[in-house]
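The residues making up each chain are set out below.
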Amino acid sequence: MTPILLLGAGRMGGALIEGWRRTEAFALSDLIVRDPAATAQAFPGAVVNPPLEALGAAKVVLLAVKPQIWREAVKDVVPHLAPDAIIVSIAAGVRAADISEAFGGRRVARVMPTTAVAIGQGAASLYADTPEALEAAKALLAPVAATVELADERLMHAATAVSGSAPAYLYAFIEALEAAGADQGLTPEDSARLARATIAGASALLAQGGEEPSDLRKQVTSPGGTTAAALSVLMGEGGFGDLLPKALAAAVKRSEELGS
Ligand SMILES: NC(=O)c1ccc[n+]([C@@H]2O[C@H](COP(=O)([O-])OP(=O)(O)OC[C@H]3O[C@@H](n4cnc5c(N)ncnc54)[C@H](O)[C@@H]3O)[C@@H](O)[C@H]2O)c1
């Protein structure tokens, strides 16, 4: 599996590196990083931006640049890769067949991770065109994420909408909750402290397992009480049931566009 070549080590590539370091799945010395913005100081022990000839050592190549520039970014790299190198792409929307073609027919897996891989608590959807590529994707992601294998590549759009992008939905919800708490008279600091601890604790309760989100919701919701009053807005007309299908449809559409 090593060395692993990272093409791009920005927010998501960097999050994976941090998660591997923390979980000791892979050491920095297992990595070759190719990113114009990367420095040896940022990734001590890794081989950073070596000459192209050195890339032939890579067993696995993690494609972690923006979908809009991936073709340009891989052009000069491909001729230097080992013929049996496996490509694992995290680029949203970009199809395995297109990646394989650009990489001279090499085996390809696609992965859609979340940023919490950095603390070993990510989620990752996997799809691969061969068993070897799937194994490579699992080896990279299973140490840092709960994984789901998709049988059909087209489901990667939905997985991106419900998982890869979803931490941002939750953070946006928390921002709005904090602002609404301040609107009700709390200081912004108190509102933020309460909202963040509440969300973190509620997530930890869910992560503990054994109870459905709907059960946990009912435990908070006294009949005729304050929560029921708020949920009549959040779960009523124009609420989550209307908003989230629209939000996910927008993410799916954008994912499809990024791959076309
Ligand atoms: N951020 C997320 O939560 C997330 C989640 C899942 C998937 N992704 C996917 O990960 C990929 C990277 O996203 P990101 O959020 O890390 O973006 P980013 O902008 O933080 O990182 C991209 C990195 O690529 C580098 N880069 C630019 N040109 C390059 C080149 N020619 N060769 C090598 N590296 C080059 C940039 O310097 C940058 O560090 C995208 O394809 C995105 O769809 C991101």
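See the structure above.
To start, this report covers the structure provided alongside it. These numbers were taken from a predicted model, which means no experiment stands behind them.

1. Considering the overall build of the chain
The number of helices and strands found in the chain is 10 helices and 8 strands. Across its three principal axes, the chain shows a C-alpha extent of roughly 70 × 35 × 35 Å. By the burial criterion, 40% of the 260 residues in the chain qualify as buried. A sequence separation of at least 24 residues applies to 58% of the contacts in the chain between residues at least 6 apart. For the chain, the accessible area works out to roughly 13900 Å², and carbon and sulfur atoms hold 59% of it.

2. Here's the deal with helix α10 (residues 240-258)
The terminal C-alpha atoms of α10 lie 26 Å apart, and with 19 residues this matches the ideal 27 Å at 1.5 Å per residue to within 8%. Restricting attention to buried positions, one finds in α10 the residues A251, S255 and L258. For α10, the angular spread of buried residues about the axis comes to 60°, placing them on one side. Exposed side chains of α10 directed beyond 90 degrees from the buried face belong to G241, K246 and K253. In this structure, the buried residues of α10 make contact with α5 (155-164) and α6 (166-183).

3. Structural notes on the pattern of salt bridges
Enumeration over the complete set of coordinates arrives at 13 salt bridges. Salt-bridge contacts for R154 lead to D152; the nearest nitrogen and oxygen are separated by 2.8 Å. Classification of R154 by relative accessible area gives exposed; the value is 64%. A relative accessible area of 28% places D152 in the partly exposed class.

4. Focus on the pairing of strand β7 (residues 122-128)
The element β7 is extensively covered by neighbouring structure, given that 6 of its 7 residues are classed as buried. Taken together, the 5 bridges between β7 and strand β8 (residues 145-149) define a ladder with parallel strand orientation. Bridged to A124 within β8 is T147. The β-α-β motif built from β7, the intervening helix α4 (residues 131-141) and the parallel element β8 has right-handed crossover chirality.

Rules of the game
Residues numbered from 1 in each chain as written. Predicted model: local features only at pLDDT ≥ 70, side-chain atom pairs only at ≥ 80, totals over all residues. Heavy atoms only, no water. Helix = DSSP H or I, 4+ residues; strand = E, 2+ residues; numbered from the N terminus. Buried < 20%, exposed > 50% of the residue type's maximum accessible area, 1.4 Å probe, protein only. Contact = heavy atoms within 4.5 Å. Areas by Shrake-Rupley, 256 points an atom, 1.4 Å probe, with all protein chains shown as cover. Expected span 1.5 Å × (residues − 1). Arc of directions from axis to C-beta. Salt bridge = Lys/Arg side-chain N within 4 Å of Asp/Glu carboxyl O. Pairing = 2+ DSSP bridges. Right-handed = clockwise from strand over helix to strand, strands pointing away.

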